[in-house]
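Single-letter residue listing:
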Amino acid sequence: MAESVAILVTGGAGQVGAELQAYAWPAGVKVLAPARSELDLTNAASVAAWFSAHPVAAVINPAAYTAVDRAETEVGAAFAANALAPALLAEATKAAGVPLVHVSTDYVFDGQGDGFNAEDAPVAPLGVYGASKLAGELAVRSGNPRSVVVRTAWVLSVHRANFLKTMLRLAGDRDRISVVADQFGCPTSARDIARALATITLRMIADPAAATGVYHFVNAGETSWSGLAQEIFAQSARHGGAFAEVTPITTADYPTPARRPANSRLSTTKITADYGVVPRPWRDAVAEIVEELSNRSVAP
């Protein structure tokens with residue numbers, strides 16, 4: 001870029017936040033990823049003070065309360081992180097005249113029907129987590145006209161806890177693992193999400209007329225949770241890692257406090273058309289993550 005700019009990345013300790021900090025940003029771009037002790041996104045005074053002291057060119061907000069089942073009883077905490085925080089960021093970024101790129105979820109849908117959900121498909125969250133994320137979307141879109149909401153799903157990476165790492169951990173103790181086979185979606189690399197968010201953000205900084213609104217980003221293709229588990233173990237076995245046989249089960253066989261969408265497939269046609277972001281196949285993303293974890297485990 002022609003001049004030095006700063007970008008605020010929230011949730012720096014999360015999967016997407018970590019990848020955004022590791023991303024190869026152009027020269028002149030500085031990423032700020034403050035800890036909660038420096039910036040409490042649910043506190044209006046903290047947000048106002050931080051923005052007053054730190055001029056930024058854009059904000060990327062992947063921070064979220066993601067404990068889907070716990071949200072059913074921690075309603076206030078879920079809405080504080082997923083609705084109030086985005087509202088405060090929308091207010092602050094609008095006042096500063098800078099774009100806000102916000103990460104949302106497939107859980108805003110009820111998962112009914114077949115096929116890939118487009119951005120304008122009817123929203124109908126099944127639980128508190130999805131409802132709080134939908135409220136955050138509305139706060140962002142109404143609070144800052146220069147905003148983009150990016151919905152994603154089934155996020156995987158080498159960071160933090162996620163389905164891929166859980167499967168490999170369980171395979172260390174079990175020969176067979178039961179995994180739900182009647183929920184379908186698009187496994188997605190946090191690294192690929194970060195790349196998409198960076199592309200959008202840099203465009204919005206450079207072009208005040210860049211497209212705004214809601215977009216979907218997931219890796220290409222689709223599978224079930226059991227299909228994903230089978231691919232994870234197949235990739236792991238290639239590296240001499242943990243492996244287990246997968247027993248497909250139904251959602252009814254594995255009850256949880258929060259209902260999950262049966263269909264989490266998301267269409268990515270719009271983000272490709274407007275921002276040139278073309279998702280790679282989900283199997284390639286899984287292979288990369290498993291290989292990286294394998295290399296870490298054998299490193300001296």
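Residues numbered from 1 in each chain as written. Predicted model: local features only at pLDDT ≥ 70, side-chain atom pairs only at ≥ 80, totals over all residues. Heavy atoms only, no water.

### Section: the packing of helix α1 (residues 15-22) against helix α6 (residues 190-206)
Going by this rule: Lines fitted to C-alpha atoms define the axes here, with helix axes fitted over just the stretch in contact, and angles between the N-to-C directions of these axes take values from 0 to 180 degrees. Only runs of H or I of at least four residues qualify as helices and only runs of E of at least two qualify as strands under DSSP, and these elements are numbered from the N terminus. Orientation categories follow fixed angle ranges, with anything under 35 degrees roughly parallel, anything over 145 roughly antiparallel, 65 to 115 roughly perpendicular, and all other angles oblique. In this scheme the handedness of a crossing depends on how the near helix is turned from the far one: anticlockwise by less than a right angle means left-handed, clockwise means right-handed. Whether two residues are in contact is decided by their heavy atoms, any of which lying within 4.5 Å being enough. Each residue is assigned to one class: nonpolar for Ala, Val, Leu, Ile, Met, Phe, Trp, Tyr, Cys and Pro, charged for Asp, Glu, Lys and Arg, and polar for all the others, Gly among them.
Taken N-terminus to C-terminus, the directions of α1 and α6 make an angle of 60 degrees; their axes are 8 Å apart at the nearest point. Classed by the angle they form, the pair α1 and α6 counts as oblique. When the axes of α1 and α6 are compared, the crossing they make is right-handed. For the pair α1 and α6, contact is made by Gln15, Val16, Glu19 and Leu20 and by Ala190, Arg191, Ile193, Ala194 and Leu197, respectively. Here the contact of α1 with α6 is composed, by residue class, of six nonpolar, one polar and two charged.

### A look at the sheet that holds strand β3 (residues 58-61)
Strand pairing within a sheet occurs via backbone hydrogen bonds; the two strands may be parallel or antiparallel. So the rule is basically this: Strands are treated as partners if at least two bridges between them are detected by DSSP.
The parallel open sheet is built from six strands, whose spatial order is β2-β1-β3-β4-β5-β10. Strand pairing shows two members of the sheet lacking a second neighbour, β2 (29-32) and β10 (213-216), which therefore form its edges. Between one strand and the next, the sheet's axes are offset by a mean angle of 20 degrees, whatever the strand orientation. By the bridge criterion, four bridges tie strand β5 (residues 147-152) to β10 in an arrangement that is parallel. Looking at the pairing, Val149 lines up with Val214 of β10. Along the sheet, helix α4 (residues 128-143) makes contact with β4 (100-105), β5 and β10, crossing β4 at roughly 160 degrees. The strands that α6 touches are β1 (5-9), β2, β3, β4 and β5; relative to β5, the one it contacts most, it runs at about 170 degrees.

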